[in-house]
Amino acid sequence: MKLNDILNKKEFTKDDIAFLLSLENVDDVESLRAKAEDLLLTLRGNKVYFRGLVEFSNICTSDCYYCGIRKSNTAVERYQLSKEQIVDAALWCAGQGYGSVVLQSGERTDCAFVDSVVEIVREIKRRSVSNALPDGIGITLCVGEQTEETYRRFYDAGAHRYLLRIESTSPEIFSRIHPEKQSLGNRINCLKMLKKIGYKTGTGVMIGIPGQTVQDLAKDILFFKELDTDMIGMGPYIVHRQTPMASYENDVLARYDDIFRMSLKMIAVTRLVLRNVNIAATTALQSMKPDGREQGLTFGANVIMPQLTPTDVRKNYLLYEKKTCLDENAEQCRSCLTGRIGSVGRVVAVNEWGDRPL
Ligand code: SAH
């Protein structure tokens, strides 16, 4: 009885959210899943939006303790795609009807980097205008913490969405997984700047970080709500052995199924609380289980980010180990995903940006 009462609410307290995230019984989790899927289908229909993902450089000045491409990992071969490669990948997306592209990289704030991103965004925007996409392809940037001026320059060049995960809203966790010079406060400021400038703003967290509780995750969801975020990208934390958090490997492996299940419950509960937002079924989910992304869709996700990064450098963009789809080219990735999406009764949207409705 209590479960149904909570599932039918429109406003959720922290305790409601923690209660839903704590569900373990198979039938209860199924009730949560069905409710989230139903709400998504009612509010947004059965379309899944593709955001072609170009991981254009793994050069990074940050040193996040969980991330495989952190500055201090000297075992990674560093790369930077050329402007032509990035623009071509984006135009390929536009030609395929994807509607949107995500440009993601390691974190750099130097002028050469910022100028090149501005130029690339401008060129993609200019060259992707067509009858099918009269305003060009939708561009999302995911290039970390920057100054307000830089965010403005990117926006003026034509990027209209920005993804910056908060990683965890718990001050204790955030400071435990980042070097001192990265702060939760600055990340929150960045998200506020992005919103003020007018970006469709996305954030998210890693799920299953050692020491993270259901209460922490409930607060994360309330933070998404308070920020009035447009998009959510979140997924399981997966250990990378060449990082300071490698020592957590056994702990994380012992909780493997729990972390996967919690990631799905996070999608469903975020759908119920934030209702019409875009939620991604992330690659990290699929890295844990072969049908992880499809399961993410059935728990209320409506966005998928197909890989466009050229296969020869993809192996160098390992944020975590066991990342999937390392050798599939963009074309293979597209047809594989279209089949996977159809298998759970959904369809791929064509030539649409797919923003959250106002
Ligand atoms: N430099 C960009 C892009 C970061 S990579 C930025 O700062 O926004 C994108 C996301 O990958 C990160 O926000 C983080 O949540 C996730 N990630 C990094 N390492 C991970 C790991 N070991 N397991 C799971 N997700 C990870």
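For clarity, every value in this text was computed on a predicted model and none was experimentally measured.

Parameters and conventions
- Counting restarts for each chain: residues are numbered from 1 in the order of the written sequence.
- The predicted nature of this model means local features are confined to residues of pLDDT at least 70 and side-chain atom pairs, given and counted, to a pLDDT of 80 or more, with totals for whole chains, interfaces and linings taken over all residues.
- For side-chain calculations, the full set of non-hydrogen atoms in the structure is used, while hydrogens and water are omitted.
- Helix and strand labels come from DSSP, where a helix needs a run of H or I of at least four residues and a strand needs a run of E of at least two; each type is numbered from the N terminus.
- The globule rule used for comparison is 2.2 Å times the number of residues to the exponent 0.38, while the radius of gyration itself is calculated over C-alpha atoms.
- The rule is simple: take the accessible area with a 1.4 Å probe, protein chains only, and divide by the maximum for that residue type; under 20% is buried, over 50% is exposed, in between is partly exposed.
- Using a 1.4 Å probe, accessible areas were evaluated by the Shrake-Rupley method; residue-level cover was limited to the displayed protein chains.
- Charge counting treats Lys and Arg as positive and Asp and Glu as negative, with His and both chain ends excluded.
- For this purpose, a charge sits on NZ of Lys, CZ of Arg, CG of Asp or CD of Glu.
- By the convention used here, strands pair only if DSSP detects at least 2 bridges between them.
- Each residue is tested against the molecule or strand, and it is near if at least one of its non-hydrogen atoms lies within 4 Å.
- Polar contact is defined as a pair of N or O atoms within 3.5 Å, subject to the rule that within protein one atom must be able to donate a hydrogen and the other to accept it, and that residues adjacent in sequence are counted only when both atoms are side-chain atoms.
- Each residue is assigned to one class: nonpolar for Ala, Val, Leu, Ile, Met, Phe, Trp, Tyr, Cys and Pro, charged for Asp, Glu, Lys and Arg, and polar for all the others, Gly among them.
- Ring geometry is summarised as follows: Phe, Tyr and Trp rings, the Trp one being its six-membered ring, pair when their centres sit within 6.5 Å, and such pairs are stacked at plane angles under 30 degrees, edge-to-face over 60 and tilted between the two.
- We call two residues in contact whenever any of their non-hydrogen atoms come within 4.5 Å of each other.
- For helices, the fitted line uses only the C-alpha atoms of the stretch in contact; every axis is such a line through C-alpha atoms, and the angle between N-to-C directions lies from 0 to 180 degrees.
- The disulfide criterion used throughout: a pair of cysteine sulfur atoms within 2.5 Å.
- By the definition used in this description, the sense in which the near helix is turned from the far one sets the handedness, with an anticlockwise turn below a right angle giving left-handed and a clockwise turn giving right-handed.
- Definition used for salt bridges: Asp or Glu carboxyl oxygen within 4 Å of a side-chain nitrogen of Lys or Arg.

Enquirer: Hey, could you go over the overall build of the protein chain for me, with residue numbers and the actual values?
Expert: When helices and strands are tallied, the protein chain shows 15 helices and twelve strands. The globule rule puts the C-alpha radius of gyration for 358 residues at 21 Å, and the 19 Å found for the protein chain is close to it. In the protein chain, which comprises 358 residues, the share counted as buried stands at 58%. In the form shown here, the protein chain has an accessible surface area of approximately 14,300 Å², with 52% of it arising from carbon and sulfur atoms. Charge centroids of the protein chain, computed over 47 positive and 46 negative side chains, lie 2 Å from each other.

Enquirer: Got a sec to walk through the pairing of strand E1 (residues 47-50)? Specific residues and values, please.
Expert: The pairing of E1 with strand E12 (residues 347-348) spans two bridges and is parallel. Paired with Lys-47 across the two strands is Val-347, which belongs to E12. Here E1 runs beside strand E11 (residues 303-304); their pairing, made up of two bridges, is parallel. By the bridge assignment for E11, Tyr-49 is matched with Val-303.

Enquirer: Explain the site of the ligand to me, and be specific about the residues and the numbers.
Expert: Around the ligand, the surrounding shell holds 16 residues, and the nearest of these are Ser-105, Glu-107, Arg-165, Glu-167 and Ile-238. Between the ligand and the protein, one listed contact pairs a nitrogen atom with a backbone N or O atom of Leu-319 at 3.4 Å. Considering the ligand on its own, with 550 Å² of exposed area, one finds that the protein chains cover 92% of that surface. Grouping the constituent residues of the shell around the ligand by class yields nine nonpolar, four polar and three charged.

Enquirer: Explain the packing of aromatic side chains residue by residue, including any values.
Expert: A ring pair, where both rings are aromatic, is described by two values, the distance of the centres and the angle of the planes. The final tally for this structure, using the stated rule, is six aromatic pairs. Arranged with centres 5.8 Å apart and planes meeting at 85°, the rings of Trp-92 and Tyr-98 form a pair that is edge-to-face. The class of Trp-92 is partly exposed, set by a relative accessible area of 25%. Taking 5.0 Å as the distance between ring centres and 70° as the angle between the ring planes, the aromatic pair formed by Tyr-155 and Tyr-199 counts as edge-to-face.

Enquirer: Lay out the sheet that holds E11 with the relevant residues and their values.
Expert: The strand order across the open sheet built from three strands is E11-E1-E12, with neighbouring strands paired in parallel fashion. Each edge of the open sheet is held by one strand with a lone partner, namely E11 and E12. Packing of helix H15 (residues 330-343) onto the sheet brings it into contact with E1, E11 and E12, and relative to E1 it is tilted by some 160°.

Enquirer: Got a sec to walk through the sheet that holds strand E6 (residues 200-203)? Specific residues and values, please.
Expert: In spatial order, the strands read E2-E3-E4-E5-E6-E8-E10; together these seven strands make up an open sheet with parallel pairing. Each end of this open sheet is capped by a strand with a single partner; those strands are strand E2 (52-57) and strand E10 (278-279). The pairing of strand E3 (residues 100-105) with strand E4 (residues 138-142) spans five bridges and is classified as parallel. Across the sheet, residue Leu-103 finds its bridge partner in E4, namely Leu-141.

Enquirer: Give me the lowdown on the state of the cysteines, citing residues and values where you can.
Expert: What the rule picks out here adds up to zero disulfides. Sulfur of Cys-111: no disulfide; nearest cysteine sulfur belongs to Cys-190 and is 17 Å away.

Enquirer: Summarise the packing of helix H4 (residues 83-95) against helix H5 (residues 111-127); cite the residues concerned and give the values.
Expert: Between two packed helices, both the angle of their axes relative to each other and the distance between the axes serve to describe the pair. Viewed as axis vectors pointing N to C, H4 and H5 meet at an angle of 35°, and their least axial separation amounts to 10 Å. Judged by the sense of rotation from one axis to the other, the crossing of H4 with H5 is right-handed. Residues Lys-83, Ile-86, Val-87, Ala-90 and Leu-91 of H4 lie in contact with H5, whose contacting residues are Glu-119, Ile-120, Glu-123, Ile-124 and Arg-127. Tallied by class, the residues present in the contact of H4 with H5 amount to six nonpolar, no polar and four charged.

Enquirer: Got a sec to walk through the packing of helix H9 (residues 214-227) against helix H11 (residues 256-274)? Specific residues and values, please.
Expert: Axis separation between H9 and H11 bottoms out at 10 Å; the angle between their running directions is 35°. Between H9 and H11 lies a crossing whose hand is right-handed. In this structure, H9 contributes Val-214, Leu-217, Ile-221, Phe-224 and Lys-225 to the contact, and H11 contributes Met-262, Met-266, Val-269, Thr-270, Val-273 and Leu-274. Here the residues of the contact of H9 with H11 sort into nine nonpolar, one polar and one charged.

Enquirer: Provide a residue-level description of the pattern of salt bridges, including the pertinent values.
Expert: Applying the stated criterion across every chain, the model contains 26 salt bridges. The partner of Arg-356 in a salt bridge is Asp-228, with the nearest N and O atoms 3.0 Å apart. On the criterion of sequence distance, the pair formed by Arg-356 in the segment after E12 and Asp-228 in the loop between H9 and strand E8 (231-232) is long-range, its members being 128 residues apart. Classification of Arg-356 by relative accessible area gives buried; the value is 16%. Across the pair Glu-294 and Arg-340 runs a salt bridge whose closest N-O atoms are separated by 2.8 Å.

Enquirer: Describe unusual backbone geometry, and please don't skip the residues or the numbers.
Expert: Within the chain, Asp-228 stands out as a residue other than glycine whose phi angle is a positive 55°. Of note in the backbone geometry, Arg-275 takes a positive phi value of approximately 60° without being a glycine. Of note, Arg-275 is situated in the loop between H11 and E10. Among the residues examined, Arg-275 registers a relative accessible area of 24% and is labelled partly exposed.

Any link to function would need more than the numbers given here.
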